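Below are the chains, spelled out letter by letter.
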Amino acid sequence: MSDRVGVIVLKPGREKALLRRHPWVFSGAVGQVRGDPSLGDTVEVHNHRGEFLAVGAYSPVSQIRVRVWDWQPDFDPAIFFYKRISAAIAYRESLPAPSGNTARRLVHAESDGLPGLVVDQYGQTLVVQILSAGTERWREIILEALVKTTGIDNIYERSDVDVRQLEGLSDRVGSLHGDPPGRVVIEEEGLKFEVGLNSGHKTGFYLDQSLNRLQVREMAEGKDVLDCFCYTGGFSVNAMRGGASSVTAVDASLDALDGLQTNWVLNQLPQQFLTSVQADVFQQLRSYRDQARNFDLIVLDPPKFAPTTAQVKKAARGYKDINLLALKLLRPGGTLVTFSCSGGVDAALFQKIVADAALDAGVNARIVAHLAQSPDHPVALNFPEGAYLKGLILSTTGKS
Ligand code: SAH
């Protein structure tokens, strides 16, 4: 290919991950860089004997030196992106479709064979995150492929994510195509949510929690619910729709709580059963403990405490802290729905942290269900890092 300006030769024995089709080449595995590839250039990856392994995007500053596009040498970006995006959409079309839902993740990066590309659909608007040097290089082609495959004209970019700095890229936010609105109202499982495409977290909404929100709705009847880290009320609104006796929603962000209020009204939920509290969850849980406040169902959906393995220890303390406090606030027979979206904390470690918390809280608890991200955020078997969201539903039986 004319655009191929370099070859990355791996150190002996460092091709194992690639042979298992893991799509990343770490800097430590690189023996030699032939040619003079720069940020985002397409390179071939060879083993130390010079045999072809993969073709990918070069990122000279990132620890992830190459993100693999394909396992065979023919890489024609126009065809490649069109095909992979079409396949990603076909997969979503194959999922059992909850009737009336208007938002979903269309492209989930590595798990759809498209490292560094996230695309969410909110009604007739797409929100795109271009997270890697490779996707940045082909942004025009990607855009064209998206318009062609979805037939959607309005595309907004939300590439304001920390990982871009690791790739040597600066933030980019704004309209990419058509005339995308700043806010849209989406429908999820019969509920309405206003989503700020230009101001919300991630691409605007936590689409990965959609099935878990439904689970909470189904468990909420007659319960006093505490929704910690509530954002714009995804779990709170579902709990109320499910017949909760009361919902207390806590978030540090006033904008998030404004969003909760908007969504409460959009769904015509009774105001008298909602208490929203602007506070730090760690402090608020302690203050509820000191007041001897109790709840029947508590949701803990904190932000990423450990984006990478480097922060795991500190993150583990954070998770243990909130889970311990929450378990203490539950009435006997109460339910804790607890999550971690930290890439650095896997499901086994998360369960251990929660088990330690229960032990220290003196609470007996059993696992009712293991939760994960919705299937429109799939986990490719060759990319276990894709399984970032893990959750547990715990049923408690009182003090041990
Ligand atoms: N459960 C939500 C998503 C939660 S996102 C949903 O389903 O839509 C995490 C939220 O935690 C954000 O709204 C952020 O403002 C809030 N947050 C982060 N740190 C916090 C803290 N220490 N105390 C309270 N809220 C916090």
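Residues numbered from 1 in each chain as written. Predicted model: local features only at pLDDT ≥ 70, side-chain atom pairs only at ≥ 80, totals over all residues. Heavy atoms only, no water.

Draft legend 1. Spotlight on the state of the cysteines. In total, this model carries zero disulfides according to the counting rule given. Considering cysteine sulfurs only, Cys-230 is the nearest to Cys-228, which forms no disulfide, with 8.7 Å between them. With relative accessibility at 2%, the residue Cys-228 sits in the buried group. Residue class for Cys-230 comes out buried when judged on its relative accessible area of 4%. (Disulfide = S-S within 2.5 Å. Buried < 20%, exposed > 50% of the residue type's maximum accessible area, 1.4 Å probe, protein only.)

Draft legend 2. Local environment of the packing of aromatic side chains. By the definition in use, this model includes 16 aromatic pairs. Taking the centre distance of 5.0 Å and the plane angle of 65 degrees together, the rings of Phe-75 and Phe-80 count as edge-to-face. With respect to burial, Phe-75 and Phe-80 carry one shared label: buried. Aromatic rings pair up to connect Trp-69, Phe-75, Phe-80, Phe-81 and Trp-138 into one cluster. One cation-aromatic arrangement involves Lys-148 over Tyr-82; the distance from NZ or CZ to the ring centre is 5.0 Å. (Phe/Tyr/Trp six-rings, centres within 6.5 Å; stacked < 30°, edge-to-face > 60°. Lys NZ or Arg CZ within 6 Å of the ring centre and 35° of its normal.)

Draft legend 3. Spatial organisation of unusual backbone geometry. Within the chain, Lys-202 stands out as a residue other than glycine whose phi angle is a positive 50 degrees. Its place among the elements puts Lys-202 in the loop between strand S13 (191–196) and helix H6 (210–219). Phi at Gln-268 takes a positive value of approximately 50 degrees, unusual for a residue other than glycine. On the secondary structure map, Gln-268 appears in the loop between helix H8 (254–266) and strand S16 (274–278). Gln-268 sits in the exposed class, given a relative accessible area of 72%. (Helix = DSSP H or I, 4+ residues; strand = E, 2+ residues; numbered from the N terminus.)

Draft legend 4. A look at the site of the ligand. The ligand sits among 15 residues. The nearest are Arg-213, Asp-251, Asp-280, Val-281 and Asp-301. Protein contacts shield 89% of the accessible area of the ligand, which totals 590 Å² for the unbound molecule. For the shell around the ligand, a count of residues per class yields nine nonpolar, two polar and four charged. (Near = heavy atom within 4 Å. Areas by Shrake-Rupley, 256 points an atom, 1.4 Å probe, with all protein chains shown as cover. Nonpolar A, V, L, I, M, F, W, Y, C, P; charged D, E, K, R; others polar.)

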